Amino acid sequence: MTIYVEYAIIDNLVINSFLLLLVNKFMKFNAPKWKIFISSTIGTIFSLITPILPNWCNIVIKILLLILMPLIICKNANFKKLTLSSLLFLFLTFVFIGLIMVFCYTFNIDFSYGENGETFYNFPVGLALLLSSFLFIVLKHLINYFYQKKHLSNFTYSVTLFSGSYSYTTLGFLDTGNLLYDKDLNKPITMINLNTFTKLYPDINLTSVLLKKNLPLKNYKYLNVYSISKSQSILVFEIERLEIKENENTFYIDNPLLGLSLKDYSKNLDNECILNYKLFENGV
């Protein structure tokens, strides 16, 4: 019985804490740690008594815990939030158990279920904690990635640039931090990366840009841009038209001003164009 209690504490107090932390983060409840500890402790206490109870009673208790444990950390609980958090808690529980099962089958470790659904595996408790910690970190990063992508998608637009006989469609990110502005032309500057530039001007190579040779660009010039750490000179020029699609609406901007960035920010933002927020102030 001592071995079972040891496993029950790890499986329920520690692992359930991980599960509730993930639910708390995904659902953005911002519950304090003490609520998560209380919820995990309640689940642990009931896990110690369910093996001696009838199966029907065990099932009822597990269903109630599935509702009660997320409810404790649920902020401004309503039916929808409680349902989603309970389903997420249940899903994550199966994911954690699945990881342990895969590990056991891979290394031929005995794994079994008790009559009341409790799990038994023949390896050190510390290893179970290590596996759970690893999965917790992976899932936490996935949740962060999910919300980052969701945030970026709210400020991402389909953008088509037109210059002469060439056009190129890509994704543009609306960056409120893009304050670049040409006072002489009284126009905001939208930044593009080198790939977009070469799509619009396949006959212009980077060497010509860096050496500031005569370029077949409309109203081009090199503008000094200052930042906290350094200053740099960027190529600024006009194109015929910029097309921005927002849901079912399409907006056109004639003779927009573009700036060439040699940084490949597409890896971080999944787009090749940094839209200036002043474009949107002017009616987009």
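Residues numbered from 1 in each chain as written. Predicted model: local features only at pLDDT ≥ 70, side-chain atom pairs only at ≥ 80, totals over all residues. Heavy atoms only, no water.

1. A word on the overall build of the chain
- Looking only at helices and strands, one finds nine helices and 12 strands in the chain.
- With 284 residues in all, the chain has 42% of them scored as buried. (Helix = DSSP H or I, 4+ residues; strand = E, 2+ residues; numbered from the N terminus. Buried < 20%, exposed > 50% of the residue type's maximum accessible area, 1.4 Å probe, protein only.)

2. Re unusual backbone geometry
- The phi dihedral of Lys 28 falls on the positive side, at around 55°, and the residue is not glycine.
- Relative to the assigned elements, Lys 28 resides in the loop between helix H1 (2-27) and helix H2 (33-49).
- Judged by its relative accessible area of 53%, Lys 28 is exposed.
- Phi is positive for Asn 186, close to 55°, though the residue is something other than glycine.
- Mapping Asn 186 onto the fold places it in the loop between strand E5 (181-182) and strand E6 (187-192).
- Relative accessible area serves as the criterion here: at 54%, Asn 186 is assigned to the exposed category.

3. Quick look at the pattern of salt bridges
- Going through the model one piece at a time under the given rule, you end up with four salt bridges.
- Among the ionic pairs, Lys 221 bridges to Asp 182, the shortest N-O distance being 2.8 Å. Of this pair, Lys 221 sits in strand E7 (residues 218-226) while Asp 182 sits in strand E5; the two residues are 39 residues apart in sequence, bridging distant segments of the chain.
- Two residues, Lys 221 and Asp 184, come together in a salt bridge whose shortest N-O distance is 3.3 Å. Here Lys 221 is found in strand E7, whereas its partner Asp 184 is found in the loop between E5 and E6, with 37 residues between them in sequence.
- Salt bridges sharing common partners tie together Asp 182, Asp 184 and Lys 221. (Salt bridge = Lys/Arg side-chain N within 4 Å of Asp/Glu carboxyl O.)

4. Quick look at the pairing of strand E3 (residues 156-163)
- In the sheet, E3 pairs with strand E4 (residues 166-175) via eight bridges, with the strands oriented antiparallel. Bridge pairing in E4 links Ser 158 to Leu 171.
- Here E3 hands over to E4 after two residues, with Gly 164 in that stretch at a positive phi of 60°.
- Bridge count for E3 against strand E9 (residues 241-246) is five bridges, and the pairing is antiparallel. Across the sheet, Ser 158 pairs through a bridge with Lys 245, a residue of E9. (Pairing = 2+ DSSP bridges.)

5. A short note on H2
- Helix length check: H2, at 17 residues, gives a terminal C-alpha distance of 25 Å against a target of 24 Å (1.5 Å per residue), a fit within 8%.
- Listed in full, the buried residues belonging to H2 are Ile 36, Ser 39, Ser 40, Gly 43, Thr 44 and Ser 47. Angular distribution of buried residues about the axis of H2 spans 140°; they occupy a single face of the element. For H2, exposure combined with an orientation more than 90 degrees from the buried face picks out Trp 34 and Phe 37. (Expected span 1.5 Å × (residues − 1). Arc of directions from axis to C-beta.)

6. Observations regarding a nonpolar patch on the surface
- A cluster of nonpolar side chains, namely Ile 45, Phe 46, Leu 48, Ile 49 and Ile 52, defines an oily patch on the protein surface of about 430 Å² accessible area.
- Positionally, Ile 49 belongs in helix H2.
- Note on Ile 49: relative accessible area 34%, which makes it partly exposed. (Patch = residues over 30% accessible without salt bridge, like charges linked within 9 Å, V, L, I, M, F, W, Y side chains within 5 Å. Areas by Shrake-Rupley, 256 points an atom, 1.4 Å probe, with all protein chains shown as cover.)

7. Some points on the packing of aromatic side chains
- One pass over the structure, following the stated rule, counts five aromatic pairs.
- Measuring from ring centre to ring centre gives 6.5 Å for Tyr 220 and Tyr 222, while their planes differ by 85°; the resulting arrangement is edge-to-face.
- According to the relative accessible area criterion, Tyr 222 is partly exposed, its value standing at 22%.
- Within the aromatic cluster, the residues linked to one another by ring pairs are Phe 197, Tyr 201 and Phe 237.
- When the ring centre of Tyr 222 is taken as origin, the NZ or CZ atom of Lys 212, which lies over that ring, is 4.9 Å away.
- One Lys or Arg, Arg 241, reaches over the ring of Phe 162 and ends 4.4 Å from the middle of that ring. (Phe/Tyr/Trp six-rings, centres within 6.5 Å; stacked < 30°, edge-to-face > 60°. Lys NZ or Arg CZ within 6 Å of the ring centre and 35° of its normal.)

8. Section: the side chain of Ser 39
- One can find Ser 39 in helix H2.
- A relative accessible area of 0% places Ser 39 in the buried class.
- At 2.9 Å, the side chain of Ser 39 and the backbone oxygen of Met 69 are in polar contact.
- The contacts of Ser 39, once residues within four sequence positions are left out, are Leu 20, Met 69 and Ile 72. (Polar contact = N/O pair within 3.5 Å; in protein donor to acceptor, adjacent residues only side chain to side chain. Contact = heavy atoms within 4.5 Å.)

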